[in-house]
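Below, each chain spelled out in residue letters.
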Amino acid sequence: MAKYDYLIVGSGLFGATFAHIAHKRGKKCLVIEKRYHLGGNIYCEEIKGINVHKYGAHIFHTSDKLIWDFVNSIVPFNRYTNSPVAMAPNGKLYNLPFNMNTFYQMWGVRTPKEAQIKLNEQRQEVLERMRENNIVEPRNLEEQALMLIGKDIYEQLIKDYTEKQWGRPCNQLPAFIIRRLPVRMTYDNNYFNDIYQGIPIGGYNKLTEGLLDGIEVKLNTDFFENRDKWESVADKIIFTGKIDEFYNYCFGKLEYRTVRFQTEVLDEPNFQGNAVVNYTTKQVPFTRIIEHKHFESFGNSVYDNPHTVISREYSTEWMDGMEPFYPVNDTKNQVIYEKYQKLAKEDQNIIFGGRLAEYKYYDMAPIISNVFNLIESLCQNNHKK
Ligand code: FAD
Ligand code: UDP
């Protein structure tokens, strides 16, 4: 008989949440993690008393009360609301996401009616082109962006930023990426439409540590360095690493984008006045600057701290040895992924979950929701047996 009910490969949000719930239900779990720390990409590193989001800015948001209550039962969250600003190719600053503030700054329109007229004008060209070619659905990100928001905003706030972030032309990227951003006819700079939003008070490590409290964890432990051993220690494996690596890249390598962070400590209390400033011009090589202390400015005297920490984010193609961040869900990669997915379905004792194992652009809340669903289906299967 195996020593553990579950071996969980990876201590990111998927692995940690799964381990937490399974442990609470009396299952014996072992988590192995190849990095030197817990939490995967939500890990924070403290620098000068500031929680630095080491793998990029993370803002938790959801409309699902169950998920919100769950994370808050582990650590209370603050009321941070993400409202980035963008420095455009024309040298001006604009509010994001696309809302009445942006439209006023771009065109001087003041009412939703005026903005609607302008937006209709701006969309005209792409709609006519699509009609002439009998295209009903946008075929790529460029068409989708032009349909949603029109030419000026596409050129000032989307095109260069997206091409820097993804390293591919907008007309070769899937349309869904840009549908993540709200378009609003109100003066509301909240980047997300969700009901609940915030940052764990004290940083994301509090969430991970709380989830993994009382669970056996081995850091600096790569599943592939001792695969035979790890495959025999538990009845089931929850695998949250790269699915193509799991199958020895037999159908080829899946592509990812990654980010290089240039993090600096500055001797000033407030560098840019906002957590996120995007640079939507090709003239600047990085995509955005994150100033981490603003994430925790609620109920905290962060501006009394004479230092601040900023990270410039340079988006690049992923190569071996780097952290894979964003799956490139274009057609070529999707075809490869589906072959791996087919193999995975045949593997009875291994469950693939999370951003890397499912090769999907998941936010944190959907990751937790997927774990809830997985646990539910495992319970139902047990009852059937
Ligand atoms: P991961 O965090 O990648 O965890 C996988 C873990 O498995 C890692 O710790 C890894 O080291 C480990 N592992 C992999 N292979 C092995 C192996 N062979 N052996 C042992 N361990 C292994 N979501 C939001 O909701 N809001 C945001 O603002 C937001 N911003 C983001 C910004 C960036 C730059 C990125 C990359 C993501 C962002 N996300 C955001 C998404 C969020 O990070 C993910 O939803 C979440 O972290 C996914 O958790 P995971 O467990 O699937 O993956
Ligand atoms: N985007 C953009 N301009 C911006 C911010 C975002 O064009 O100033 C586009 C870009 O293509 C990005 C997508 O919108 O990939 C989704 O943005 P989001 O902020 O959700 O991306 P994340 O950083 O979370 O991956």
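For the structure itself, consult the block above.
Keep in mind that this is a model prediction, so the values were computed, not measured.

Caption draft 1: Here's a closer look at the sheet that holds strand β12 (residues 276-279). Sheet architecture is open: seven strands sit in the order β7-β6-β12-β13-β14-β11-β15, paired in mixed fashion. With one partner strand each, in any of the chains shown, β7 (93-95) and β15 (326-327) form the two edges of the open sheet. When strand β11 (residues 256-266) meets β15, the two strands line up antiparallel, connected through two bridges. Pairing of Y256 across the sheet is with P327, part of β15.

Caption draft 2: Region of the structure containing the site of ligand 1. Around ligand 1 sit 30 residues, and of these E33, H58, I59, Y362 and M364 come closest. Between ligand 1 and R35, the relevant distance is 3.0 Å, taken from an oxygen atom to a side-chain nitrogen or oxygen of the residue. A distance of 2.8 Å is found between an oxygen atom of ligand 1 and a backbone nitrogen or oxygen belonging to M364. Relative to its unbound accessible area of 1,000 Å², ligand 1 is 97% covered by the protein chains.

Caption draft 3: Inspection of the site of ligand 2 at higher detail. By nearness alone, 17 residues border ligand 2, and L157, T162, R180, Y191 and Y361 come closest of all. A distance of 3.2 Å separates an oxygen atom of ligand 2 from a polar side-chain atom of Q165. In this structure, Y361 approaches ligand 2 through a side-chain N or O atom, which is 2.3 Å from an oxygen atom. Taking 520 Å² as the accessible area of ligand 2 by itself, protein coverage stands at 93%. Of all the secondary structure elements, the ones that give two or more residues to the shell around ligand 2 are α6 (151-166) and α7 (176-179). Residue contributions to the shell around ligand 2 peak at six residues, all from α6. Here the residues of the shell around ligand 2 are counted per class, giving eleven nonpolar, four polar and two charged.

Caption draft 4: View of empty space enclosed by the protein. Taken as a whole, this structure holds one cavity of 30 Å³ or more when the rule is applied. Of the pockets and cavities examined, the largest cavity occupies roughly 40 Å³. Elements represented by at least two residues in the lining of the largest cavity include exactly α6 and β14 (308-317).

Caption draft 5: Structural view of the sheet that holds strand β10 (residues 234-239). Strand order in this open sheet of five strands is β9-β2-β1-β10-β16, and the pairing throughout is parallel. Looking along the sheet, the strands with just one partner apiece sit at the ends: β9 (216-218) and β16 (350-352). Looking at each pair of strands side by side, their axes are set apart by 20° on average, direction ignored. The sheet contact formed by strand β1 (residues 4-9) and β10 spans five bridges and is parallel. Counted as the bridge partner of I8 is I238 from β10. Packed on one face of the sheet, helix α1 (residues 13-24) meets β1, β2 (29-32) and β10 and runs near 165° to β1.

So, how was this worked out
Residues numbered from 1 in each chain as written. Chains lettered and ligands numbered in written order. Predicted model: local features only at pLDDT ≥ 70, side-chain atom pairs only at ≥ 80, totals over all residues. Heavy atoms only, no water. Pairing = 2+ DSSP bridges. Helix = DSSP H or I, 4+ residues; strand = E, 2+ residues; numbered from the N terminus. Near = heavy atom within 4 Å. Polar contact = N/O pair within 3.5 Å; in protein donor to acceptor, adjacent residues only side chain to side chain. Areas by Shrake-Rupley, 256 points an atom, 1.4 Å probe, with all protein chains shown as cover. Nonpolar A, V, L, I, M, F, W, Y, C, P; charged D, E, K, R; others polar. 1 Å grid on protein atoms, 1.4 Å probe; cavity = no way out; pocket = protein on both sides within 12 Å on 5 of 7 lines; lining within 4 Å. Points joined across faces, edges and corners; volume = space filled by probe spheres on them. Axes fitted to C-alpha atoms, helices over the stretch in contact; angles between N-to-C directions. Contact = heavy atoms within 4.5 Å.

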